[in-house]
Protein chains: 2
Amino acid sequence: MKAEIIAIGSELLTPDHLDTNSLILTGRLNDAGFEVRVKTIVGDRVDDIAGVLRIALQRSDVIILCGGLGPTEDDLTRTAVAQVLGRPIFVDPDIVESLRRRFARRGYSMPAINERQAQIIQGAEILANPHGSAPGMWLVEQGIGVALLPGPPRELEAMFEAGVLPHVKSLGGGRRQAKVAINVTGMTESEVDSLVAPIYKAYPSVQTTILASVGHIALRLSRWLESGEQPQDLNEVANRIRAALGDAVFSSAGETLEAVVGGLLRKSGRTLAVAESCTSGMLAARVTSVPGSSDYFLGGVLCYSNEAKIRLCRVPEEMLAQHGAVSPEVAEALAHGTRENLKSSIGLSITGVAGPGGGSAEKPVGLVFVGWADETCTTHWRRMIPGDRETIRERAAYFALSRLRAFLM
Amino acid sequence: MKAEIIAIGSELLTPDHLDTNSLILTGRLNDAGFEVRVKTIVGDRVDDIAGVLRIALQRSDVIILCGGLGPTEDDLTRTAVAQVLGRPIFVDPDIVESLRRRFARRGYSMPAINERQAQIIQGAEILANPHGSAPGMWLVEQGIGVALLPGPPRELEAMFEAGVLPHVKSLGGGRRQAKVAINVTGMTESEVDSLVAPIYKAYPSVQTTILASVGHIALRLSRWLESGEQPQDLNEVANRIRAALGDAVFSSAGETLEAVVGGLLRKSGRTLAVAESCTSGMLAARVTSVPGSSDYFLGGVLCYSNEAKIRLCRVPEEMLAQHGAVSPEVAEALAHGTRENLKSSIGLSITGVAGPGGGSAEKPVGLVFVGWADETCTTHWRRMIPGDRETIRERAAYFALSRLRAFLM
């Protein structure tokens, strides 16, 4: 079954805005057995909205319109849909009354303009909006389902879930999508692809996408299943891919690298302290993005300046003078120093040249050292990271997390 | 003049991917006098691409197709465009030769499959791709400009700039878009809107959008100008809005808050050290995202645990026991301690309850204190921040930056 999403709003056609509602809707529609075949973004003009809807009615089984249900003159979705379907619009007195009550509860009287939000297209089922003022609508036109939803994500999600999904499922006929997510660290996108492409190409029924983001690669496998069918080939290709990637796979359940590392630290009963120079907090911010990370993360130092390396981590001034701040020696001294400061099991440090200035032939922009200290050893790893300042910093933090994971395993 | 963007690729119709190329293209098209009226996202199917293009040819003056120019069977943009325009495709021997040379330079021989990338639609101008293997095309069909561009952003941007923009400008007829960006901190979206809506509503020719992101509100004003016209009303509304918002406006040039704060620190010759508890590095990571921030940022401590507050910032144990880690007293002690550690001009601290656990009736999730210490005073600010863990942490870091800016002004 084919679904189509139409996002309405002139702000979505500026250089500053993306339609992100469609991502959530796509996931839910896929789960309900619908493939999203087209997404369209159109401005607040009746003719443009009507034109796009007319075409959608010729090619899709379900059409979801998002946005343009507000109270102002720019909110034209109702008008456009009524025009295309040739159905009259009327003002529903019950909705006017409930809008009035909604305003009254907040101590306001309803502006006359808000009566627009009580306009209903003939034959539509009204969808309640627990999070906002604009009600939605569900219509069926010659067997095609058409939903009108408000644009704000919180309102849209709740209304889709409660008011649209049950209708959509009943049209879907039991088809569904099975999915596997495999997250990989420590490899480049092309390294991952060269290992796994020969595998997934042998399974044309399974859709495979490779998403490179900063610090990790996400493989997404999916397969459409008819009612009662089992995803045997999907599981087979996933197992073969996992085997080919080995230890580089850190999650098959969509977890982040920091959550996986947190789990390993908690399991081992060990604690962590960090010392960050060029990343200046990015590693610690990631580690502590996991709720409950206070069980294993103690804190650390932001040693952006040499002054801070000396004062906060007792790195000898001579060492800085002799080897420079970006060196294996200083990386290890920082890891050692932060571990000593906080009496943690593990000390982990990052020092590097993030650029754009400050690079040299010997120590170019992108050179990063990660230092490690625990009760048995002090060591370091070196990596050259390509990219701009923020990419280098983010990848350096991920590189440290990835080394931490490897050591804990 | 009307422009339309068609993004091609089945991965853009999954729950994991957005078409972001269109943002860059929209900005450039606007500058060239074209309004983007519709954006469509369509999968790797000839019929779907052809259907979308047929409709676009009926309503737009310029059509930009992105993606689907690779060497595999999934890359169908060329085929679909040739079919709709009723033009033959031929293989260009010069392009085959240059693709062969490109592979040879990298030490490979060209796979036979890559010959597809040398397929040219009759009458098309070939657009060079300095950053990749797929050449692009520019065609004019009954006065409508049609561009075929590769999907990877780096390839697309360079090719659009060099190969498409000159053609588009010659079609555009001198119309252009004037813009003003006003960035605001320390106010909510509705506070900003209630102050500025009465102003911008009096200028219907100026398009105004308000974008709320974590920590700041961005106002974007734009106005279409005919050849030779001056943006007087745009400047007038921008000035009135700036006057209404006063000190809350931190930039009219698109700068980030951290860049503005960095400029103020540099100008004043003062240095900064931080102590971060719940944000654990997010403030320092922001401050140091500005190149050259080592001129004024010295470093600081990540005092996530009480242990770290005591050991790294000499917060008295009794103070923690009496007032708790999230308190005005501890916020000030942290600011004072980090300033002492690094002999900086200013010490700035953050302590708060980020959740989801750890809240109480007295100290609920979202309660944040920012501490300040400099040569003349030690003080703090209290704020309740709604939202989830990451939102609270990000907003807390912005709140501290915003206070720092206010103090420096």
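Before reading on, note that the structure itself is shown above.
Residues numbered from 1 in each chain as written. Chains lettered and ligands numbered in written order. Predicted model: local features only at pLDDT ≥ 70, side-chain atom pairs only at ≥ 80, totals over all residues. Heavy atoms only, no water.

Draft legend 1. Examining the pairing of strand 1 (residues 2–8) of chain B more closely. All names here are of chain B. Burial within strand 1 is extensive, with six of its seven residues counted as buried. With seven bridges joining them, strand 1 and strand 2 (residues 35–42) adopt parallel strand pairing. The residue bridging Ile8 from the neighbouring strand is Val42, located in strand 2. Each parallel crossover has a hand, and for strand 1 linked through helix 1 (residues 21–31) to strand 2 it is right-handed. Here strand 1 pairs with strand 3 (residues 62–66) via five bridges, running parallel. Residue Glu4 lies in a different strand from strand 3, and its bridge partner there is Ile63. (Buried < 20%, exposed > 50% of the residue type's maximum accessible area, 1.4 Å probe, protein only. Helix = DSSP H or I, 4+ residues; strand = E, 2+ residues; numbered from the N terminus. Pairing = 2+ DSSP bridges. Right-handed = clockwise from strand over helix to strand, strands pointing away.)

Draft legend 2. Representation of the sheet that holds strand 1 (residues 2–8) of chain A within the structure. Pairing is mixed in the open sheet, where twelve strands are placed in the order 6(A)-7(A)-8(A)-3(A)-1(A)-2(A)-2(B)-1(B)-3(B)-8(B)-7(B)-6(B). Among the strands making up the open sheet, the edge pair consists of strand 6 (125–127) of chain A together with strand 6 (125–127) of chain B. Along the sheet, successive strands turn relative to each other by an average axial angle of 15°, direction set aside. Against the sheet, helix 1 of chain B contacts strand 1, strand 2, strand 3 and strand 8 (144–149) of chain B, and its axis sits at roughly 160° relative to strand 2 of chain B. Here helix 5 (residues 153–172) of chain B sits on the sheet in contact with strand 3, strand 6, strand 7 (136–141) and strand 8 of chain B, set at roughly 175° to strand 8 of chain B. (Axes fitted to C-alpha atoms, helices over the stretch in contact; angles between N-to-C directions. Contact = heavy atoms within 4.5 Å.)

Draft legend 3. Main features of the packing of helix 8 (residues 257–268) of chain A against helix 13 (residues 389–408) of chain A. All names here are of chain A. Running from amino to carboxyl end, helix 8 crosses helix 13 at an angle of 35°, the nearest separation of the two axes being 10 Å. For the element pair helix 8 and helix 13, the recorded crossing hand is left-handed. The residues of helix 13 that touch helix 8, namely those facing Leu257, Glu258, Val260, Val261, Leu264, Leu265 and Ser268, are Tyr398, Leu401, Ser402, Leu404, Arg405 and Leu408. Partitioned by chemical class, the residues of the contact of helix 8 with helix 13 number nine nonpolar, two polar and two charged. (Left-handed = near helix turned anticlockwise from the far one by under 90°. Nonpolar A, V, L, I, M, F, W, Y, C, P; charged D, E, K, R; others polar.)

Draft legend 4. How the structure looks around unusual backbone geometry. Residue and element names in this part refer to chain A. Of note, the bond from Gly355 into Pro356 is cis; its omega dihedral lies within 30 degrees of zero at 0°. Looking at the secondary structure, you find Pro356 in the loop between strand 15 (346–352) and strand 16 (367–373). Backbone geometry places Ser280, a non-glycine residue, at a positive phi of 40°. Assignment of secondary structure puts Ser280 in the loop between strand 13 (272–276) and helix 9 (282–287). For Ser280, a relative accessible area of 0% translates into the label buried.

Draft legend 5. Local environment of the interface of chain A and chain B. Each side of the interface is counted separately: chain A has 66 residues, and chain B has 66 residues. For the chain A and chain B pair, buried surface summed over both sides reaches about 5200 Å², with 61% attributable to carbon and sulfur atoms. Taken together, chain A and chain B are joined by six salt bridges. Note that A:Arg220 is salt-bridged to B:Asp16, the shortest N-O span being 3.7 Å. On the surface where chain A and chain B come into contact, there are 20 residue pairs in polar contact (both at pLDDT 80 or more). Per-element accounting of the side of chain A that touches chain B gives the leading share, eight residues, to strand 2 (residues 35–42) of chain A. For the side of chain A that touches chain B, the residue count by class is 27 nonpolar, 22 polar and 17 charged. Where strand 14 (residues 297–302) of chain A meets strand 14 (residues 297–302) of chain B, three bridges bridge the pair, whose relative direction is antiparallel. The residue of strand 14 of chain B that forms the bridge with A:Leu302 is B:Gly300. (Buried area = accessible area lost by both parts, 1.4 Å probe. Salt bridge = Lys/Arg side-chain N within 4 Å of Asp/Glu carboxyl O. Polar contact = N/O pair within 3.5 Å; in protein donor to acceptor, adjacent residues only side chain to side chain.)

Draft legend 6. Structural detail: the pairing of strand 11 (residues 216–225) of chain A. Residue and element names in this part refer to chain A. Burial runs high along strand 11: nine of the ten residues are buried. Relative to strand 11, strand 9 (residues 176–184) is paired through nine bridges, and the arrangement is antiparallel. Pairing of Lys179 across the sheet is with Ser222, part of strand 11. Across seven bridges, strand 10 (residues 207–213) lies against strand 11 in antiparallel orientation. Bridged to Ile210 within strand 11 is Leu219.

Draft legend 7. Representation of helix 8 of chain A within the structure. Residues and elements named next belong to chain A. Taking 1.5 Å as the rise per residue, helix 8 with twelve residues should run 16 Å; its terminal C-alpha atoms sit 17 Å apart, in good agreement. The secondary structure elements touched by the buried residues of helix 8 are strand 12 (249–251), strand 13, helix 9, strand 15 and helix 13. Phi turns positive, to about 70°, at Gly269, one or two residues after helix 8. (Expected span 1.5 Å × (residues − 1).)

Draft legend 8. View of the packing of aromatic side chains. Residue and element names in this part refer to chain A. Following the criterion strictly, the structure yields eight aromatic pairs over all chains and no others. Ring geometry for Trp372 versus Trp381: centroids 6.3 Å apart, planes at 75°, classification edge-to-face. Among the residues examined, Trp372 registers a relative accessible area of 0% and is labelled buried. Trp381 gets classed as buried once you look at its relative accessible area, which sits at 18%. With 4.0 Å between their ring centres and 35° between their planes, Trp372 and Phe407 make a pair best called tilted. Of this pair, Trp372 sits in strand 16 while Phe407 is found in helix 13, placing the two residues 35 residues apart along the sequence. The side chain of Arg403 reaches across the aromatic face of Trp381, ending 5.7 Å from its centre. (Phe/Tyr/Trp six-rings, centres within 6.5 Å; stacked < 30°, edge-to-face > 60°. Lys NZ or Arg CZ within 6 Å of the ring centre and 35° of its normal.)

Draft legend 9. Representation of the sheet that holds strand 16 (residues 367–373) of chain B within the structure. What the ten strands build is an open sheet, ordered 17(A)-16(A)-15(A)-13(A)-14(A)-14(B)-13(B)-15(B)-16(B)-17(B); its pairing is mixed. Looking at strand neighbours, the two that pair on one side only are strand 17 (378–384) of chain A together with strand 17 (378–384) of chain B, the edges of this open sheet. Geometrically, the sheet is characterised by an average inter-axis angle of 15° between neighbouring strands, direction not taken into account. Looking at chain direction, strand 13 (residues 272–276) of chain B and strand 15 (residues 346–352) of chain B are connected through five bridges and run parallel. The residue of strand 15 of chain B that forms the bridge with B:Ala275 is B:Ser349. Across the sheet, helix 12 (residues 328–342) of chain A lies against strand 13, strand 14, strand 15, strand 16 and strand 17 of chain A, angled at about 145° from strand 15 of chain A, the strand it touches most. In the packing of helix 13 of chain A onto the sheet, the strands contacted are strand 13, strand 15, strand 16 and strand 17 of chain A, and the crossing angle to strand 15 of chain A comes to about 150°.

Shape is all these values report; function is a separate question.
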